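# Chain and residue survey
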Amino acid sequence: MKVNSVLIAGAGAIGLSVAETLYRYDPGCVSILAKGERLERYRNRGLRVNGERLGFRFTQGETADLIIVACKFHHLDQVIEDLRPSVGKDTIILSLLNGISSEDIIGAKLGRERLPLAMVIGVDAFHDGEETTYTLKGVIHFGDAGGNNGEREESIAEFFTRAGVAHKLEANMKRALWFKFMVNIGMNPITAILRLPYRAIQNRGGPGEIPEAHLLFVNAMREVIAVANAEGIDLNEGDIENFHKTLNALNGEGYTSMCQDVLAGRKTELEMFSFALMELAQKHGIPVPLNETLHLQLRTIEAAMAGKTRLAQCCEKPWRGGHAGAFADNAG
């Protein structure tokens, strides 16, 4: 098994930052999933990374050795259907979506055996229209969900090494994925609600840092640790401390993906953050009041942006009160 061709599903901040590295290694090895109106827009306007228009190939239905999924969560179902023709017998799929559920969703329709767990961390890319800018591309972490890395994972590592993609093959990828989940729940909702850049939650002693915002960031992650421990994942306070090195290295003027969505008036990915945590917290009877509040605030923002008055339209299962409250079906 050798990886030579890659299809990128999702030409946003993460997708284009990875695609650029592959393009500079070999323009023929990478293509972007696109069809219909999106394809015409990409062809007419082009896709730019750090100001440079790159001549990516656009395909649908061309079989790839490796598919990298980097779309928004609410586009995932459609992307899966668009990817079906590109999935060959030995195709491997890496999902770089945030959260802890995308591999199971993709795997249920395209084959769970194709998907190691994966994530990207340490990237500060910003996306607007058809252009991505970044100062840090971050590192792709991946590994078998059960810790049994083999030919599938080694073939990805060999290709990434060959192509110059920063990566780390993890022995305990499930814990690493939960670590990223914890970090995202800390950073994304808070910066999105406050509409503030990374600098607000950093703690390196620089201008623009806000201790109260940093405390919200830390307390939201502490609720994740409690739920992770109940799920058998050994996250701890040391993980919060260790992440500060990565956080403080990010461009302080950059914005989280969720904050970018709110600033642009787009749908956010709140279902894969606080909502997913609240479901697990309810299962274990663990209170997560801060994340419940952040979730409701974000749903209010989304409803206001969409000009809607009913919060239930922003989420499939609206959360109804209480630290371990119940879920109610949408009322039409």
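For the structure itself, consult the block above.
Here's a quick rundown of the structure. (Residues numbered from 1 in each chain as written. Predicted model: local features only at pLDDT ≥ 70, side-chain atom pairs only at ≥ 80, totals over all residues. Heavy atoms only, no water.)

## Here's the deal with the overall build of the protein chain
- Helix and strand counts for the protein chain stand at 11 helices and 14 strands.
- A compact globule built from 332 residues should have a C-alpha radius of gyration of about 20 Å, and the protein chain, at 19 Å, falls within 12% of that.
- For the protein chain, buried positions account for 54% of its 332 residues.
- Look at the contacts in the protein chain between residues 6 or more apart in sequence, and 70% of them connect residues 24 or more apart.
- Summed over all atoms, the accessible surface of the protein chain reaches about 13800 Å², with 51% contributed by carbon and sulfur. (Helix = DSSP H or I, 4+ residues; strand = E, 2+ residues; numbered from the N terminus. Rg over C-alpha atoms; globule rule 2.2 N^0.38 Å. Buried < 20%, exposed > 50% of the residue type's maximum accessible area, 1.4 Å probe, protein only. Contact = heavy atoms within 4.5 Å. Areas by Shrake-Rupley, 256 points an atom, 1.4 Å probe, with all protein chains shown as cover.)

## Structural notes on the sheet that holds strand 12 (residues 167–169)
- With mixed pairing, 3 strands are arranged side by side in an open sheet as 8-11-12. Of all the strands in the sheet, the pair left with one neighbour each is strand 8 (117–123) and strand 12. If you compare each strand with its neighbour and ignore which way they point, the axes differ by 20° on average. (Pairing = 2+ DSSP bridges. Axes fitted to C-alpha atoms, helices over the stretch in contact; angles between N-to-C directions.)

## Some remarks on helix 2 (residues 36–45)
- The set of residues buried in helix 2 consists of Leu39, Arg41 and Tyr42. Buried residues in helix 2, looked at end-on, bunch into an arc of 165°, giving them a common side. Exposed and oriented more than 90 degrees from the buried face of helix 2 are Glu37 and Asn44.
- The inward-facing, buried residues of helix 2 abut strand 2 (30–33), strand 3 (47–49), strand 4 (52–54) and strand 5 (57–59).
- Glycine 46 occupies a position one or two residues after helix 2 and carries a positive phi of about 80°. (Arc of directions from axis to C-beta.)

## Quick look at the pairing of strand 6 (residues 64–69)
- Burial within strand 6 is extensive, with 5 of its 6 residues counted as buried.
- For strand 1 (residues 6–9) and strand 6, the ladder comprises 4 bridges, and the chain directions are parallel. Bridge pairing in strand 6 places isoleucine 8 opposite isoleucine 68.
- Note that strand 6 and strand 7 (residues 87–95) share 5 bridges and pair parallel.

## Focus: the side chain of threonine 191
- Counting through the fold element by element, threonine 191 comes out in helix 6 (residues 173–194).
- Within polar-contact distance, the side chain of threonine 191 engages the side chain of threonine 256 at 2.7 Å.
- Leaving out residues up to four positions away in the same chain, threonine 191 has contacts with Leu196, Pro197, Ile201, Thr256 and Cys259. (Polar contact = N/O pair within 3.5 Å; in protein donor to acceptor, adjacent residues only side chain to side chain.)

## Side note on the packing of helix 7 (residues 211–230) against helix 10 (residues 274–284)
- One way to put it is that helix 7 packs onto helix 10 with a least axis distance of 10 Å and a crossing angle of 55°. By the angle between their axes, helix 7 is oblique relative to helix 10. The way helix 7 lies across helix 10 gives a crossing that is left-handed. Between helix 7, through Val224, Val227 and Ala230, and helix 10, the contact on the second element is made entirely by Leu277, Leu280, Ala281 and His284.
- Across the contact of helix 7 with helix 10, the residue classes tally to 6 nonpolar, 1 polar and no charged. (Parallel < 35°, antiparallel > 145°, perpendicular 65-115°, else oblique. Left-handed = near helix turned anticlockwise from the far one by under 90°. Nonpolar A, V, L, I, M, F, W, Y, C, P; charged D, E, K, R; others polar.)

## Section: unusual backbone geometry
- Although it is not a glycine, asparagine 50 sits at a positive phi angle of roughly 50°.
- Of note, asparagine 50 is situated in the loop between strand 3 and strand 4.

## Brief notes about the sheet that holds strand 7
- The 5 strands lie next to each other as 5-2-1-6-7, forming an open sheet whose pairing is parallel. Lying at the two open borders of the sheet, with one neighbouring strand each, are strand 5 and strand 7. Within the sheet, the average angular offset between the axes of one strand and its neighbour, ignoring direction, is 30°.
- Packing against the sheet, helix 1 (residues 13–25) makes contact with strand 1, strand 2 and strand 6, and its axis sits at approximately 160° to strand 1.
- Packing against the sheet, helix 4 (residues 102–110) makes contact with strand 6 and strand 7, and its axis sits at approximately 170° to strand 7.

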